[in-house]
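Residues per chain, in single letters:
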Amino acid sequence: MDPTMSNFLHSNSSVSDCSTVEIIAMEVHKVAAPPHRTTFQKLKTRLKETFFPDDPLRRFKGQPPKKKLILAAQYVFPVLEWGPNYSFRLLKSDIVSGLTIASLAIPQGISYAKLANLPPIVGLYSSFVPPLVYAVLGSSRDLAVGPVSITSLILGSMLRQEVSPAKDPLLFLQLAFSSTFFAGLFQATLGILRLGFVIDFLSKATLIGFMAGAAIIVSLQQLKALLGITHFTKQMDLVSVLSSVFHHTNEWSWQTILMGFSFLVLLLAARHASRRKPKLFWVSAGAPLVSVILSTLLVLAFKAQHHGISVIGKLQEGLNPPSWNMLHFHGSHLGLVMKTGLVTGIISLTEGIAVGRTFAALKNYQVDGNKEMIAIGMMNMVGSSTSCYVTTGAFSRSAVNHNAGAKTAVSNAIMAVTVMVTLLFLMPLFEYTPNVVLGSIIVTAVVGLIDVHAARYIWKIDKFDFLVTLCAFLGVIFISVQGGLAIAVGMSICKVLLQITRPKTAVLGNIGGTHIYRDLHQYKDAAGVPGFLILRIESPINFTNTTYLKERILRWIEDYEVEEEEEEHTKKKSGLRFVILDLSAVSAIDTSGVSLFKDLRKAVENEGLELVLVNPLGEVMEKLQRADSGNDLSRPDCLFLTVGEAVATLISAVKVQPSSSNRA
């Protein structure tokens, strides 16, 4: 027996008949049908709310043609909106922030390229062209774009499944650029078609677990550099990596370990100082570049490259060479690059938009998600033709950009110019930079992706969401990055499907002295009304849940009657007469849902009861009227605006004509 039903019947057991229930007389209001709309009007409204919820065309209404042209240009190129009002004061702030994030972007770019199994120079290329594109097309003032750790890891691991970066580096590079093109194409297409809701399938719970697991995997991959191991596993899971580490202890280099962990402690201390005092943001921002400079000087001073410490080696000077001739649109690897582009495109898009919206909320301005998709997609498509791999907005760089006082996207352009100068004149300085320091920089950057506080918050709020977080985390570290993501997304979709196919229903009772009816399980002072079973359906009704709802409602009725028979101490039974369905929370219904009410009406009438509907909303009311040719469901005594009106009216009818409760 359902505990709610037991409470409901227990509240009725002390009541002898309907006359003992305090029901205040009420004015009865007619349930109005919604205004008539054509099928075209309904379709237009539905499409508008699906694809244009922000109504982007409202700014064009009532404007002259010339103004409309200007507004259209500003919509496509946001720089035209804020550019005319740009001032020297804003430029000073953007120069400071641009130079600050450049000091972080240069070492991170080199490090993340190695994480993706690409030449280090590609990381710098990817920090030059994409920021320039974003400065023109992006709508966020704080987003700092460039390579990111998670996308680099996914790109490298997915391509390495079929092509070895060591045995065939040229083909691997071609596939990386091709994957970047498809990632950008997918991102831009989502924005143009206004399909941004697709990325909403990556819930916050999924992302927190996924990012934490990926951070662990990225950090474990750096053990190769931090320990000086030359023969390292190609697998990404926790067991394989740790097995490889401890099976090659003979390759560990104490010089590498000493340098690596010394700089790791320095970087973590700088990060901790900046987190404790946000005004010291420049400490963590400059620490990676300082570490690169110091470690390079140490290698040169002690000739450490001859004592077991590996270095980057000579890097190519000059700006990005064109790479459109390296893109693969056919051949046996087309499926691989499309799949890699899809996965990296979704992950980078989700991260970029989330970061942009986070900082926009702090400064109280809006970021257009569809514009961001187009901007990120275009910068990846352009980047794929200029020797860049997948880029997006990075949280660490964006945080530094925000704290440094960035005012507009010009800070990205300043960063790009700084990287350009580095590519043209400073590349020889990185030849003796040790790989172990790059590993330390990566570990420091990804540590911030492990959000323990957010995981605890999810545990506190929703245990199922925490299970999704945990599955994403464990799936990434024990199976694979793609496997963990697929498991978490699958569980999230299953949760949504369960909510759709098994909607909640509640038994309502009256709060004494009022016309208010609330869930008996939630409100302890609510009491059931003798002779009435009042139920609330809390979900749209469609073909996926009609069978369940019918069985659940009939079980409520059966439980009511069975429990009433067991109440032997009750002197006089109230007798169930009416089943009231509160439809206030039913926002939509389909053909199967309409059939549900017809079937329920027949079923309850066979039990000698009467089905009453309360407050069907516009779409529901319209479809019920169309299907109710016999006027069985929309009779005045079967359709009410509120539960209070329904109970008061039906009780009055029972008092006046007791026999009316017996249905033929």
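None of the values given here were measured: they were computed from a predicted structure.

About the criteria used
- Residues numbered from 1 in each chain as written.
- Predicted model: local features only at pLDDT ≥ 70, side-chain atom pairs only at ≥ 80, totals over all residues.
- Heavy atoms only, no water.
- Helix = DSSP H or I, 4+ residues; strand = E, 2+ residues; numbered from the N terminus.
- Buried < 20%, exposed > 50% of the residue type's maximum accessible area, 1.4 Å probe, protein only.
- Contact = heavy atoms within 4.5 Å.
- Areas by Shrake-Rupley, 256 points an atom, 1.4 Å probe, with all protein chains shown as cover.
- Lys, Arg positive; Asp, Glu negative; His and termini not counted.
- Charge placed at Lys NZ, Arg CZ, Asp CG, Glu CD.
- Expected span 1.5 Å × (residues − 1).
- Polar contact = N/O pair within 3.5 Å; in protein donor to acceptor, adjacent residues only side chain to side chain.
- Phe/Tyr/Trp six-rings, centres within 6.5 Å; stacked < 30°, edge-to-face > 60°.
- Core = buried A, V, L, I, M, F, W, Y, C linked by side-chain atoms within 4.5 Å.
- Salt bridge = Lys/Arg side-chain N within 4 Å of Asp/Glu carboxyl O.
- Patch = residues over 30% accessible without salt bridge, like charges linked within 9 Å, V, L, I, M, F, W, Y side chains within 5 Å.

**Student:** Outline the overall build of the protein, supporting the account with residue identities and numerical values.
**Tutor:** From N to C terminus, the protein includes 26 helices and nine strands. For the protein, the spread of C-alpha atoms along the principal axes amounts to about 105 × 70 × 55 Å. When burial is assessed residue by residue, the protein has 52% of its 664 residues classed as buried. At a minimum sequence separation of 6, the contacts of the protein that also span at least 24 residues come to 80%. Summed over all atoms, the accessible surface of the protein reaches about 31,000 Å², with 62% contributed by carbon and sulfur. Of the charged side chains in the protein, 59 are positive and 48 negative; the average position of the first set lies 12 Å away from that of the second.

**Student:** If you had to explain helix α9 (residues 169-192) to someone new, which residues and values would you point to?
**Tutor:** Between its first and last C-alpha, α9 extends 34 Å over 24 residues, near the 34 Å set by a 1.5 Å rise per residue. Counting buried residues in α9 gives 18 out of 24 residues, a clear majority hidden from the surface. Phi turns positive one or two residues past the end of α9, at R194, with a value near 55 degrees.

**Student:** Before we move on, can you summarise the side chain of N542 with the specific residues and values?
**Tutor:** With respect to the helices, strands and loops of the structure, N542 is situated in the loop between β6 (532-537) and α23 (546-566). A relative accessible area of 18% places N542 in the buried class. A distance of 2.4 Å separates a polar atom in the side chain of N542 from a polar atom in the side chain of T544. With near-sequence residues (within four places) excluded, N542 lies in contact with I500, D590 and S592.

**Student:** Can you break down the packing of aromatic side chains residue by residue, with the values?
**Tutor:** If you walk through the whole model with that rule in mind, you get eight aromatic pairs. Ring centres 6.0 Å apart and planes at 75 degrees place the aromatic pair F182 and F329 in the edge-to-face group. Taken together, the residues span a long stretch of sequence, with F182 in helix α9 and F329 in the loop between α14 (281-302) and α15 (334-363) at a distance of 147 residues. For F329, a relative accessible area of 43% translates into the label partly exposed. Taking the centre distance of 5.7 Å and the plane angle of 35 degrees together, the rings of F359 and F395 count as tilted. Taken together, the positions of F359 in helix α15 and F395 in helix α17 (residues 395-403) put the pair 36 residues apart, joining distant regions of the chain. Since its relative accessible area comes to 6%, F359 is described here as buried. For F395, a relative accessible area of 44% corresponds to the partly exposed category.

**Student:** Lay out the nonpolar core with the relevant residues and their values.
**Tutor:** One finds L118, L124, F210, Y389 and L423 to be the most contacted residues of the largest nonpolar core, which totals 108 residues. With ten residues, the single largest contributor to this core is α9. Ignoring any residue separated from it by four or fewer positions in sequence, one finds L124 in contact with I106, I110, V419, L423 and M427. Ranked by size, the runner-up nonpolar core spans 33 residues in total, among them V31, W556, L611 and M621.

**Student:** A description of the environment of V382 should follow, citing residues and the corresponding values.
**Tutor:** Position of V382 among the secondary structure elements: in helix α16 (residues 369-384). Under the relative-accessibility criterion, V382 is labelled partly exposed at 32%. Separated by 249 residues in the primary sequence, V382 and V133 place their C-alpha atoms 8.1 Å from one another. Beyond its immediate stretch of four places on either side in the chain, V382 contacts V129 and V133.

**Student:** Got a sec to walk through the pattern of salt bridges? Specific residues and values, please.
**Tutor:** One pass over the full model with this rule turns up ten salt bridges. As a salt-bridge pair, E619 and R46 come within 3.9 Å of each other at their nearest N and O atoms. In this pair, E619 is assigned in helix α25 (residues 618-627) and R46 in helix α2 (residues 39-51), connecting sequence segments 573 residues apart. Owing to a relative accessible area of 26%, E619 belongs among the partly exposed residues under this scheme. One salt bridge in this structure joins R626 and E622, with 3.1 Å as the shortest N-O distance. On the criterion of helical spacing, the pair formed by R626 and E622 is a turn pair, its members being four residues apart in helix α25. Residue R626 is classed as exposed on the basis of its relative accessible area, which comes to 58%. We classify E622 as buried; its relative accessible area is 16%. Taken together, the salt bridges that share partners define one network made up of K42, E622 and R626.

**Student:** Just give me the short version of the side chain of R194, but keep the residues and values in it.
**Tutor:** Tracing the backbone through its elements, the reader meets R194 in the loop between α9 and α10 (204-221). The class for R194 is buried, based on a relative accessible area of 7%. Sequence-distant contacts of R194, that is, excluding residues within four places in its chain, are made with T50, F51, F52, D54, P56, Y75 and N370.

**Student:** Which residues make up a nonpolar patch on the surface, and what values do they have?
**Tutor:** A contiguous nonpolar surface patch, about 580 Å² in accessible area, is contributed by V239, L467, L470, L474, F478, I479 and I487. Among the elements that line the nonpolar patch, the one with the most residues is helix α21 (residues 463-478), at four residues. Positionally, F478 belongs in helix α21. For F478, a relative accessible area of 44% corresponds to the partly exposed category.

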